[in-house]
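The residues making up each chain are set out below.
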Amino acid sequence: MKFTTKHLQQIPDFIHVPHKQLQWLIDKSQTEIFKAGEYVFKKGDPIDTLLIMLKGKVEIKIEQNGNYKFVGFIEEHGIGGLLPFSRASSALGYGEAIEETEILVLKKSFFKEMISDHYELTESLVHNMTSRVREFTKNNVQSEKMMALGKLSAGLAHELNNPASAMLRSSKELKKHLSHVPEKFKRITSIKISEKEVDALNTILFNKISNRPENNMKLIERNEKEDQLEEWLEDHGVENAFELTETLLDFCMEIPAMKEIHQITGDHNFPNAIEWIENVLTTEKMVDEIEEASDRISNLVQSVKSYTHMDQAPEKIATNIHTGIKSTLTMLNHKLKKKNIQLEKDFQKDLPHPKIFVSDINQVWTNLIDNAIDAMEHSGTLHIKTNQDNRFIKIDITDNGKGIPEEHLSKIFDPFFTTKSIGQGTGMGLEVVQRIINQHNGDIKVSSQQGTTTFTVCLPIQ
């Protein structure tokens, strides 16, 4: 079938292009037909022709470690390939015809004539290119935000799960524990001791609660002391001694304290008194656990607020970059713990506060730190150093992983380039990082060898 200018004017980009210019395009082009399954272009092919889809459909995909990731389609009336003033040189992915496809192809050798003599045609193609760049950038940013959100969500889910589970467990245990209090209260009220002796017991008890010593006993030592305390309590009439020793030792109430309490209460009252003391200490311990878990959740929420900077307007503000780095480390703490990675922080004190887009720069830390963690084996070391270098803030993020092959160093900031498997990375993280750093008039460099990889970020103070 012979295509005419009327066919081309059905393409939205060419509606206002004069017939004469469209006829020139037809005369200088050639038509190529691809069967379903054939490649229109492959990764690495030179981008040296303009492609106008007359009919059919081409699937665009990129390769990551032998797997393919879908990017989009070029459909009927779509425009692809080389466009005027484009700096693209080679294909980053593959274009596969998924049905019989007919394409009008204009070689790069005719572009000079087109730009010189056919203004409206050139203008329409340049508009198409700018729209393509705008759409690519929007999708690029959205993709990276979703990736960052995924990392953030995974970290939060993991970090929140532990304190939330601890709160639930402690609250259930506390409820169960309190259900036995009336019976224990009945026994404690039967004790006949003087007001002075009650004050002495209270002094011992609440001194342990108010000044709770840190219990650093090793497991073997603790087991020995539990056995000794249990035996002592049984020798002094406590029937359920094995149930009491754990809590008593948590508050470092050992045999000397038991002797002091026994001296105050005497043989008859001692079992009921020590049971009541253990009951108070257990309640205190459970409340402490709930409080500690609540504090952890509160701190995590505060870290999220700091990380996203949700309470600030989207403008550059003078910011302590250590806050963002620490918040990011909190978000990724689950990955550090999972791999048993040692974190070394060498932060310069009184570091000047550069003016930055806070949430954007936090995205930089997320990508760089997450990549460093992924690059390391179990029990690796992550070193983060900050210092002032003349008019710049310098941040070094170093891991002792396998390193980046020399042949990849020049490509790591290219769009879609990644050494990770499909689903592990978009290939856009470092490209986004570089774009954010450039937006701040800063600089990012990388040096790598086996066992040491360092990304160095420089941000202007003003």
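Residues numbered from 1 in each chain as written. Predicted model: local features only at pLDDT ≥ 70, side-chain atom pairs only at ≥ 80, totals over all residues. Heavy atoms only, no water.

J.: Is there a simple way to think about the packing of helix H7 (residues 219-235) against helix H8 (residues 241-250) in this case?
T.: Pairs of packed helices are described in terms of their axes, by the angle between the two and the distance that separates them. Taken N-terminus to C-terminus, the directions of H7 and H8 make an angle of 125°; their axes are 9 Å apart at the nearest point. In this view, H7 runs oblique relative to H8, as classed from their interaxial angle. The crossing of H7 and H8 is right-handed. Of the residues in H8, those touching H7 at Arg222, Lys225, Glu226, Leu229, Glu230, Leu233 and Glu234 are Ala241, Phe242, Thr245, Glu246, Leu248, Leu249 and Asp250. Residue classes in the contact of H7 with H8 are distributed as 6 nonpolar, 1 polar and 7 charged. (Axes fitted to C-alpha atoms, helices over the stretch in contact; angles between N-to-C directions. Helix = DSSP H or I, 4+ residues; strand = E, 2+ residues; numbered from the N terminus. Parallel < 35°, antiparallel > 145°, perpendicular 65-115°, else oblique. Left-handed = near helix turned anticlockwise from the far one by under 90°. Contact = heavy atoms within 4.5 Å. Nonpolar A, V, L, I, M, F, W, Y, C, P; charged D, E, K, R; others polar.)

J.: Just checking my understanding: could you explain helix H12 (residues 358-375) for this structure?
T.: The α-helix advances 3.6 residues per turn, and as a result positions three or four apart in sequence lie on the same side. The end-to-end C-alpha distance of H12 is 26 Å, a good match for the 26 Å that 18 residues give at a rise of 1.5 Å each. Along H12, 14 of the 18 residues are buried, which leaves the element largely enclosed by surrounding structure. (Expected span 1.5 Å × (residues − 1). Buried < 20%, exposed > 50% of the residue type's maximum accessible area, 1.4 Å probe, protein only.)

J.: Quick question: what am I supposed to make of the sheet that holds strand S10 (residues 342-347) here?
T.: Adjacent strands of a sheet form backbone hydrogen bonds with each other and so pair up, either parallel or antiparallel. Here 5 strands make up an open sheet; going across it, the order is S10-S12-S13-S15-S14 and the pairing mixed. Edge positions in the open sheet fall to S10 and strand S14 (443-449), since each of these has one partner strand only. Shown here is a sheet whose adjacent strand axes are inclined to one another by a mean of 10°, direction ignored. Helix-sheet contacts for helix H10 (residues 321-331) involve S10, strand S12 (381-389) and strand S13 (392-399), and the interaxial angle to S12 is about 170°. H12 rests against S12, S13, S14 and strand S15 (452-460) of the sheet, and its axis sits at about 25° to S13. (Pairing = 2+ DSSP bridges.)

J.: I tried to follow the packing of aromatic side chains on my own but got confused; where do I start?
T.: Given two aromatic rings, one states the distance between the centres and the angle between the planes to describe the pair. Tallying each qualifying case throughout the model produces 2 aromatic pairs. Relative to phenylalanine 270, the ring of tryptophan 232 has its centre 5.8 Å away and its plane inclined at 80°; by these criteria the two rings are edge-to-face. Highlighted residues: tryptophan 232 in helix H7 and phenylalanine 270 in helix H9 (residues 255-308), separated in sequence by 38 residues. Of the residues examined, tryptophan 232 reaches a relative accessible area of 13% and is grouped as buried. The exposure class of phenylalanine 270 is buried, given its relative accessible area of 0%. One cation-aromatic arrangement involves lysine 57 over phenylalanine 73; the distance from NZ or CZ to the ring centre is 4.3 Å. (Phe/Tyr/Trp six-rings, centres within 6.5 Å; stacked < 30°, edge-to-face > 60°. Lys NZ or Arg CZ within 6 Å of the ring centre and 35° of its normal.)

J.: What should I look at first to understand the nonpolar core in this one?
T.: If you look at soluble globular proteins, the nonpolar side chains tend to sit buried side by side. Core analysis: the largest hydrophobic core is formed by 36 residues, its most contacted members being Trp365, Leu368, Ile369, Leu382, Ile384 and Ile395. Mapped by element, the contributors of at least two residues to this core are H10, H12, S12, S13, helix H14 (429-439) and S15. Not counting the four nearest positions on each side in its chain, isoleucine 395 is found in contact with Ile321, Ile325, Trp365, Ile384, Lys385, Thr386, Phe455, Thr456, Val457 and Leu459. Counting 23 residues, the second largest nonpolar core, distinct from the first, contains Leu201, Ile209, Leu233 and Phe270. (Core = buried A, V, L, I, M, F, W, Y, C linked by side-chain atoms within 4.5 Å.)

J.: What is the right way to read the packing of H10 against H12 from this model?
T.: One can describe the packing of H10 onto H12 by two numbers: an axis separation of 9 Å at closest approach and a directional angle of 45°. Of the possible angle classes, the one that applies to H10 and H12 is oblique. Of the two possible hands of crossing, H10 and H12 adopt the one that is right-handed. Taken together, the residues of H12 that come into contact with H10 (itself represented by Ile321, Gly324, Ile325, Thr328 and Leu329) are Asn362, Trp365, Thr366 and Ile369.

J.: Any chance you could explain the confidence of the model for the chain here in plain terms?
T.: As a note on interpretation, predicted positions should not be read in detail where pLDDT is low. Residues with a pLDDT of 70 or more make up 81% of the chain, whose mean pLDDT is 81. The weakest mean pLDDT in the chain belongs to helix H5 (residues 181-189) at 63; the strongest belongs to S13 at 96. Low pLDDT, under 50, characterises residues 421-428; the predicted model gives this stretch 27 contacts beyond four residues in sequence or across chains. (pLDDT = per-residue confidence, 0-100.)

J.: In this structure, what is going on with the pattern of salt bridges? I would like to understand it.
T.: Think of it this way: side chains of opposite charge can pair up when their charged atoms draw near. Under the definition given, this model contains 9 salt bridges. The salt bridge partner of glutamate 75 is lysine 57, with a shortest N-O separation of 3.7 Å. Of the two residues, glutamate 75 is situated in strand S5 (residues 67-75) and lysine 57 in strand S4 (residues 57-64); the sequence distance between them amounts to 18 residues. With its nearest N and O atoms 2.8 Å apart, the salt bridge here joins lysine 335 to aspartate 370. Placement of the pair is lysine 335 in helix H11 (residues 333-338) and aspartate 370 in helix H12, with a sequence separation of 35 residues. The class for aspartate 370 is buried, based on a relative accessible area of 3%. Taken together, the shared-partner salt bridges connect Arg222, Glu226, Asp250 and Lys285 into one network. (Salt bridge = Lys/Arg side-chain N within 4 Å of Asp/Glu carboxyl O.)

J.: Help me out: how do you make sense of the environment of lysine 108 in this one?
T.: With respect to the helices, strands and loops of the structure, lysine 108 is situated in the loop between strand S8 (101-107) and helix H3 (111-117). For the pair lysine 108 and leucine 50, spaced 58 residues apart in sequence, the C-alpha separation works out to 7.3 Å. Look past the residues within four positions of lysine 108 in its chain and what remains in contact with it is Asp48 and Leu82.

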